Protein chains: 2
Amino acid sequence: MDRVPILQIGDVLLVSIQVDLQDQSVLNLQEDLAERISATGASGVVIDISAVEIVDSFIGRMFATIASLSQLFDADTVVVGMRPAVAITLVELGLTLGNVRTALDLDRGIKILRVLHERRRGLPGTGHAASTLGLR
Amino acid sequence: MDRVPILQIGDVLLVSIQVDLQDQSVLNLQEDLAERISATGASGVVIDISAVEIVDSFIGRMFATIASLSQLFDADTVVVGMRPAVAITLVELGLTLGNVRTALDLDRGIKILRVLHERRRGLPGTGHAASTLGLR
């Protein structure tokens, strides 16, 4: 069980982080996610961290990388379920999650992805091009 | 991270098994699930085992216990994401998952829960009483 499973709900992919991630598992997860988004045409990725007790800059970078990866496939990324203690630590240490969106829980995360998806539909350009032009 | 997180999608609870479960984690999970179903009034529980490589009688019993627990709160349980190798082993060893329903993936599992929930609505008795009477 060294790979984090990727679940699918409609056109949203769900990753639930439950174990301490080592370098190799993070690389595997990024690779698996890129393949799954590409294969399914998913419109968004939700990363649940409700089981995560410590978010350091390593994990923060992983979120940012996943978000950038997803964006290349025209998918958005939302991190959900952050524990209050984790949020406090992040703020106290002055760490940011880059441009990664966060939401209280899975339900709200999925709602945010839907809104973002709706907004993008009908735009002249989509995907990376659109995001470069500041359209999203 | 010794507790398996329980996610919520609408009125369905989702448990993704990613680590080898020890006796204590199984007890914790059952306790947490009972509390969450009771608190949220969830109509169903999906257990994803796509990361699980070995299902033995211990895990099988856990599914059965969770299903019985859920039923007491008028919620159904579906196990999803079983790997082909796991299915083959179960059949070869003659192991059954008791009365626990299974589905190919999370999406189908949620659909099954919806159908079961719809069927139950409007029945004169619900919950354990209804199930005792063979109404579900």
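Residues numbered from 1 in each chain as written. Chains lettered and ligands numbered in written order. Predicted model: local features only at pLDDT ≥ 70, side-chain atom pairs only at ≥ 80, totals over all residues. Heavy atoms only, no water.

## What about the sheet that holds strand β3 (residues 44-48) of chain A?
Residue and element names in this part refer to chain A. Across the sheet, which stays open at both edges, the five strands sit in the order β1-β2-β3-β4-β5 with mixed pairing between neighbours. Strands at the two margins of the open sheet, each flanked by one partner only, are β1 (6-9) and β5 (101-103). Strand-to-strand twist of the sheet, defined as the mean angle between neighbouring strand axes without regard to direction, takes the value 30 degrees. Where β1 and strand β2 (residues 12-16) come together, four bridges link them in antiparallel fashion. If you follow Q8 over to β2, its bridge partner there is L13. (Pairing = 2+ DSSP bridges. Helix = DSSP H or I, 4+ residues; strand = E, 2+ residues; numbered from the N terminus. Axes fitted to C-alpha atoms, helices over the stretch in contact; angles between N-to-C directions.)

## A short note on the confidence of the model for chain A
All names here are of chain A. Averaged over chain A, the pLDDT score is 86; the fraction of residues at 70 or greater is 88%. The model gives residues 125-136 a pLDDT under 50, and that stretch makes 18 contacts with residues more than four places away or in other chains. Two summary scores accompany this predicted model of the complex, namely pTM at 0.82 and ipTM at 0.77. (pLDDT = per-residue confidence, 0-100. Contact = heavy atoms within 4.5 Å.)

## Focus: the relation of the copies chain A and chain B
Overlay of chain A on chain B (RMSD 0.0 Å): rotation 180 degrees, translation along the axis 0.0 Å. In symmetry terms, the pair is related by a two-fold rotation axis. A share of 100% of interface residues in chain A that are also interface residues in chain B marks the association as one of identical surfaces. (Least-squares fit on C-alpha atoms with pLDDT ≥ 70 in both.)

## Structural notes on helix α1 (residues 23-40) of chain A
Side chains three or four residues apart in an α-helix point the same way, a direct result of the helix having 3.6 residues per turn. All names here are of chain A. Between the first and last C-alpha of α1 there are 26 Å, a value that for 18 residues agrees with the 26 Å anticipated at 1.5 Å per step. Those residues of α1 not exposed but buried are S25, V26, N28, L29, Q30, D32, L33, A34 and I37. Those residues of α1 that are buried lie in contact with β1, β2, β3 and α2 (57-72). (Expected span 1.5 Å × (residues − 1). Buried < 20%, exposed > 50% of the residue type's maximum accessible area, 1.4 Å probe, protein only.)

## Some thoughts on the packing of helix α1 (residues 23-40) of chain B against helix α2 (residues 57-72) of chain B
All names here are of chain B. Where α1 meets α2, the axes come as close as 10 Å, and the angle between the chain directions of the two elements is 15 degrees. Looking at the two axes, α1 sits roughly parallel to α2. The interaxial crossing formed by α1 with α2 has right-handed handedness. Contact residues: D23, V26, L29, Q30, L33, A34 and I37 in α1; F58, M62, T65, I66, L69 and S70 in α2. Residues of the contact of α1 with α2, tallied by class, amount to nine nonpolar, three polar and one charged. (Parallel < 35°, antiparallel > 145°, perpendicular 65-115°, else oblique. Left-handed = near helix turned anticlockwise from the far one by under 90°. Nonpolar A, V, L, I, M, F, W, Y, C, P; charged D, E, K, R; others polar.)

## Looking at the environment of F58(B)
Residue and element names in this part refer to chain B. Residue placement: F58 occurs in helix α2. Separated by 32 residues in the primary sequence, F58 and V26 place their C-alpha atoms 9.7 Å from one another. Filtering out sequence-adjacent residues up to four positions away, F58 remains in contact with L21, Q22, D23 and V26.

## Observations concerning the interface of chain A and chain B
Tallying the contact residues gives 20 residues for chain A and 20 residues for chain B. Approximately 1,900 Å² of surface area, both sides summed, lies buried where chain A meets chain B, with 61% of it carried by carbon and sulfur atoms. Linking chain A with chain B are zero salt bridges. At the level of secondary structure, the elements contributing two or more residues to the side of chain A that touches chain B comprise β1, β2 and α4 (106-120) of chain A. Tallied by class, residues from the side of chain A that touches chain B come to eleven nonpolar, five polar and four charged. (Buried area = accessible area lost by both parts, 1.4 Å probe. Salt bridge = Lys/Arg side-chain N within 4 Å of Asp/Glu carboxyl O.)

## Digging into the pattern of salt bridges
Following the criterion strictly, the structure yields eight salt bridges over all chains and no others. A salt bridge links D32(B) to R3(B), with the nearest nitrogen and oxygen atoms 2.9 Å apart. Of the two residues, D32(B) sits in helix α1 while R3(B) sits in the segment before β1 (6-9), which places them 29 residues apart along the sequence. Looking at D32(B), the relative accessible area reads 16%, which means it is buried. Judged by relative accessible area, R3(B) falls into the partly exposed class, the value being 40%. Ionic pairing is found between D74(B) and R120(B), a salt bridge with its closest N-O pair at 2.9 Å. With D74(B) in the loop between α2 and β4 (76-80) and R120(B) in helix α4 (residues 106-120), this pair connects stretches of sequence that are 46 residues apart. We classify R120(B) as buried; its relative accessible area is 4%. A single network of salt bridges, built from pairs that share partners, joins D74(A), D76(A) and R120(A).

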